[in-house]
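# A structural walkthrough
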Amino acid sequence: MRRAEPIDLAAALDSFEELWSPRVAARVNDYDIRIAKVAGEHVWHAHSDTDEFFLVLEGTLYISLRDGLGGGERVVILNRGEIFVVPRNMEHRPASPAGASILLVEPTGTLSVGDCHDLLPDHVDATTGHALD
């Protein structure tokens, strides 16, 4: 998996079409640098052992968040070039009505749908990340 060459993220994103199916572009120590194409809604889920880093490469990403204490919800809107970190244990649901390309940083082996999630629709891939071709 370790590559000694630069990775062109635009070319890497052009190499696949599947939505909500992240590819591992690189590894840094024990972390995956994943890229994904997204459109529509993901599922509500949470990661009990890790925060989740999002960077929007193209488009707009909406991340709905649930406050575990009062059950309230809020939405964080990320545009191209913006980042956000979802804290561990926070229920969240990424969405992008018009589609987006994103980069995520997560510990290697982290499941894309977290430890606790809603029922998975057909368009959401539960994966620890696929290799780039």
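As shown above, the structure is provided for reference.
In every chain, residue numbers begin from 1 and rise along the written sequence. For this predicted model, a pLDDT threshold of at least 70 governs which residues receive local features, and a threshold of 80 or more governs which side-chain atom pairs are given and counted, while totals over whole chains, interfaces and linings are taken from all residues. As a rule here, side-chain values cover all heavy atoms of the structure and leave hydrogens and water aside.

Here we take up the pairing of strand E7 (residues 91-107). At least two DSSP bridges between two strands are needed for those strands to be called paired. The secondary structure listing takes helices from DSSP runs of H or I that are at least 4 residues long and strands from runs of E that are at least 2 residues long, numbered from the N terminus. With ten bridges connecting them, strand E2 (residues 31-41) and E7 associate as antiparallel partners. Residue pairing in the sheet places Gly40 in a bridge with Ser96 of E7. Summarising the sheet, strand E4 (residues 52-66) and E7 pair through eleven bridges and their orientation is antiparallel. Of the residues in E7, the one forming a bridge with Ile63 is Pro94.

This part covers the packing of aromatic side chains. By convention, a stacked pair of Phe, Tyr or Trp rings (six-membered ring in the case of Trp) has centres within 6.5 Å and planes under 30 degrees apart, an edge-to-face pair has planes over 60 apart, and any other such pair is tilted. Taken as a whole and assessed by the stated rule, the structure comprises zero aromatic pairs. It is Arg23 that lies over the ring of Phe16; its NZ or CZ is 4.4 Å from the centre. Its end group placed over the ring of Trp44, Arg66 keeps NZ or CZ at 3.7 Å from the ring centre. Each ring is checked for a lysine NZ or an arginine CZ that lies within 6 Å of its centre and within 35 degrees of its normal; such an atom marks a charge sitting over the ring.

Although it is not a glycine, Asn29 adopts a positive phi angle of roughly 55°. Relative to the assigned elements, Asn29 resides in the loop between strand E1 (23-28) and E2. Given the relative accessible area of 62%, Asn29 is considered exposed. A positive phi angle, close to 70°, is found at Asn89, a residue other than glycine. Relative to the helices and strands, Asn89 is located in the loop between strand E6 (83-86) and E7. Partly exposed residues are those whose accessible area sits between 20% and 50% of the maximum for their type, while under 20% is buried and over 50% is exposed, using a 1.4 Å probe and protein chains only.

Let us now look at the nonpolar core. Membership of the largest hydrophobic core comes to 15 residues, with the highest contact counts inside it found for Val38, Phe54, Leu61, Ile63, Leu78, Phe84 and Ile102. When residues of this core are traced back to their parent elements, those giving at least two are E2, E4, strand E5 (73-79), E6 and E7. Per element, the largest residue contribution to this core is five residues, and it comes from E4. What we call a nonpolar core is a set of buried Ala, Val, Leu, Ile, Met, Phe, Trp, Tyr and Cys residues that are connected through their side-chain atoms within 4.5 Å. Membership of the second largest hydrophobic core comes to ten residues, among which are Ala25, Ile33, Ile35 and Leu132.

Another point: a nonpolar patch on the surface. Without a salt bridge and with relative accessible area above 30%, a residue can belong to a patch; like charges are then joined within 9 Å and nonpolar side chains (Val, Leu, Ile, Met, Phe, Trp, Tyr) within 5 Å. Throughout, the Shrake-Rupley method with a 1.4 Å probe supplies accessible areas, and for residues the shown protein chains are the sole cover considered. For salt bridges, the criterion is a side-chain nitrogen of Lys or Arg within 4 Å of an Asp or Glu carboxyl oxygen. On the surface, a nonpolar cluster with roughly 260 Å² of combined accessible area is contributed by Tyr62, Val75 and Ile77. Inspection of the secondary structure assignment puts Val75 in strand E5.

Moving on to the pairing of E1. As judged from the five bridges shared by E1 and E2, these two strands associate in the antiparallel manner. Bridging from a neighbouring strand, Val28 pairs with Tyr31 of E2. When E1 meets strand E9 (residues 130-131), the two strands line up parallel, connected through two bridges. Bridge assignment links Val24 to a residue of E9, and that residue is Ala131.

What is shown is where atoms sit, not what they do.
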